[in-house]
Structures are given as C-alpha cells and as structure tokens.
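# Structural features, examined
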Amino acid sequence: MIYRVLTAITVGLCGCSSIPSAPWSGTGPTPLSASAENPARPAGPARLQPEDNPLKLVAASADNVGAPRITRLDVVLTALRVRVPRSQRARAEMLWNHLREDALDNATTLRLQHNGLRVGVGDEQWWEAVRAALAAIPGVNSTPIAPLRVPAEYPLALELDTGPHEQTLFFLADDGVLTGETWPQSRNVLRISYVLDLQRPDRVRLFVVPEVRQRLEGLRWVRNEAGVAQVPNYSGRTFGAAGFAADLEPGRFLLIAPGTQSGVSGLVGNSFLVSEEDGQSYDSYVFLRADVNHVAQRY
C-alpha cells in the first residue's frame, strides 16, 4: 500500500569524516529554520550546550526574572552515523560488549532480527569504550548532526541516501510472509518520533520506523503553530515490521545497526543500513540520543 507521508523535518546522515570524540562541542541545538519542508517557528528561549561527551547534553540555567512562567517539554535529538567496512564487521562486534540488547522485549528483538536489524541501548559512561572500539577499525568514518530541537508534533526523518535511486525492498511480517515492492527514484529514511510521560518527564519513549519515500510533483498544505504552510509532496511506505519503540532514561543512547540477516539483498536492514561505495561495502551504525528540553516561557 502507498500512502502520503507527513514529515516536517528532514536531515541527512550522508557526509563522512573521522570519528570525533566530541563532534558537537560548543554548539547548541539547531533551531527549526524556515524551508519548503520546515515551516518557520520560534526556536524558544532556552539554550543547551553539549559537554565533552558527544551523546550528553545539559540545559543552561533559566533566568530568575519574577514573571509567571510555564514550562514546555520537547526533545533535543543528537545523532551520529558511523560507517564500518563490512569486511571489518567482526571487529565491530566488540562494541556490543558495552550495549544492552535486552532493552527491547524478546518478540520485538526477534522481529527486528528477521528484518536485518539489531538494536542496543548504552549508557553515557560506556560511550568512550564504544567510540574507542569503533575508532580502532580501519576505514571507519562518521557523520554527526548538530543537536536538533524536535517538538512533539514534528516527526524527524534521518535521510540515509545521497540521492534517489530505484530499489526493491522486502520485509518479513509477523505472520512470516515475505512482502516486496519496487520503488523507482526513492530515498530511505529513519522516521523518528517520541512521546513523553508526564509522570517521568526526563524519560523519552522513542519510536523508530524505516520509511521509503518518493518525491511527487507539487506541494501540499500542513497545519503548524502559525496556521498552515506548504511543504513538498511525498508518497511512501513505513515498514512497521522493522520498527520499534525504546524507552531512554537520562544519560542513555540508542544504537540501530545491521543484524545477522542484513546480508539478504533487498531486506529492510540491508537496504537501509548497508551501502556500497567505490566497490566497498559498508555497515551503518546509527546512534541516537534524546534529551528532554524544559523550556520556560513567560505568559
């Protein structure tokens, strides 16, 4: 089935560099700028600054002006994509010693495995060990995005492709049926959204779903805080069988990586997280960190 995809923010994870120990040092969250795919909205008065750890963010203290204030909660997302030569996959296995794979239930883990994905959750105290294990691998490179404030009503798309291409994608449903479909001139993204628990406002439930997109002619109208705005028109499909939800406590980060079945051509885990460049095959390891942003607003 093909349906319209409603996504407000798209960022790319395609460029390459060496793995930095603190790729976002000295930068704040990227505000939502005005574009055809990203309607203008205020960035908010609060600022966040990352510390030395690239997966750790701390909020700047609010001013003490006595005017009445309310607090809006949204999330600052930090992402890092690390590409490892597939020939070095055995060496990358060491990083899983510092990640918990039991953060998801067994049924979800098995479903993701069947679709070529592997997911783990780590703590910021283990980050240096994870980074060192990856940095020691020959030919590894990485792409960070600056911390990005993501309001709850704006799902985020992490784009994994450098350009549109034709592809045939397969997924294995819960009933064991393998389904495939060809997508000409399409791009692959990881669609990120979240919910907050007001009883535990520092914990984020992060939803990650692979999604394929095709750009259509024309624009469409979407609602936002300012009213309505025009954004690019897309068709696409989300692969719920390869999607999951993970609860992230403060100081935790998420890893999405190719699983044992990712060598199967066209399977979601293969098409989204395995790529070819200059005759070499690479595995993509996508790290995500979500921190609750407490924005004090006067009224």
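Residues numbered from 1 in each chain as written. Predicted model: local features only at pLDDT ≥ 70, side-chain atom pairs only at ≥ 80, totals over all residues. Heavy atoms only, no water.

## Some thoughts on the overall build of the chain
Of the regular secondary structure elements, the chain holds four helices and 16 strands. When contacts within the chain are restricted to residue pairs at least 6 apart in sequence, long-range pairs at least 24 apart make up 77% of them. Within the structure as shown, the chain displays about 13,800 Å² of accessible surface, and the carbon and sulfur contribution to it stands at 51%. (Helix = DSSP H or I, 4+ residues; strand = E, 2+ residues; numbered from the N terminus. Contact = heavy atoms within 4.5 Å. Areas by Shrake-Rupley, 256 points an atom, 1.4 Å probe, with all protein chains shown as cover.)

## Brief notes about the confidence of the model for the chain
Low-pLDDT portions of the prediction should not be read for the details of their coordinates. Here the chain averages 78 in pLDDT, while 68% of its residues score no lower than 70. Between residues 1–8, whose pLDDT stays under 50, and residues either more than four places distant or in other chains, the model counts 36 contacts. Scored below 50 in pLDDT, residues 22–62 shows 103 contacts in the model against residues more than four places distant or in partner chains. (pLDDT = per-residue confidence, 0-100.)

## Considering the pattern of salt bridges
In total, this model carries 18 salt bridges according to the counting rule given. Between D174 and R111 there is a salt bridge, with its nearest N and O atoms 3.9 Å apart. With a gap of 63 residues between them, D174 in the loop between strand 9 (165–172) and strand 10 (178–197) and R111 in helix 2 (residues 106–114) connect regions that are remote in the sequence. Put simply, E128 and R131 hold a salt bridge, and the shortest N to O gap is 3.0 Å. Placement of the pair is E128 and R131 together in helix 3 (residues 127–135), with a separation of three residues, close to one helical turn. (Salt bridge = Lys/Arg side-chain N within 4 Å of Asp/Glu carboxyl O.)

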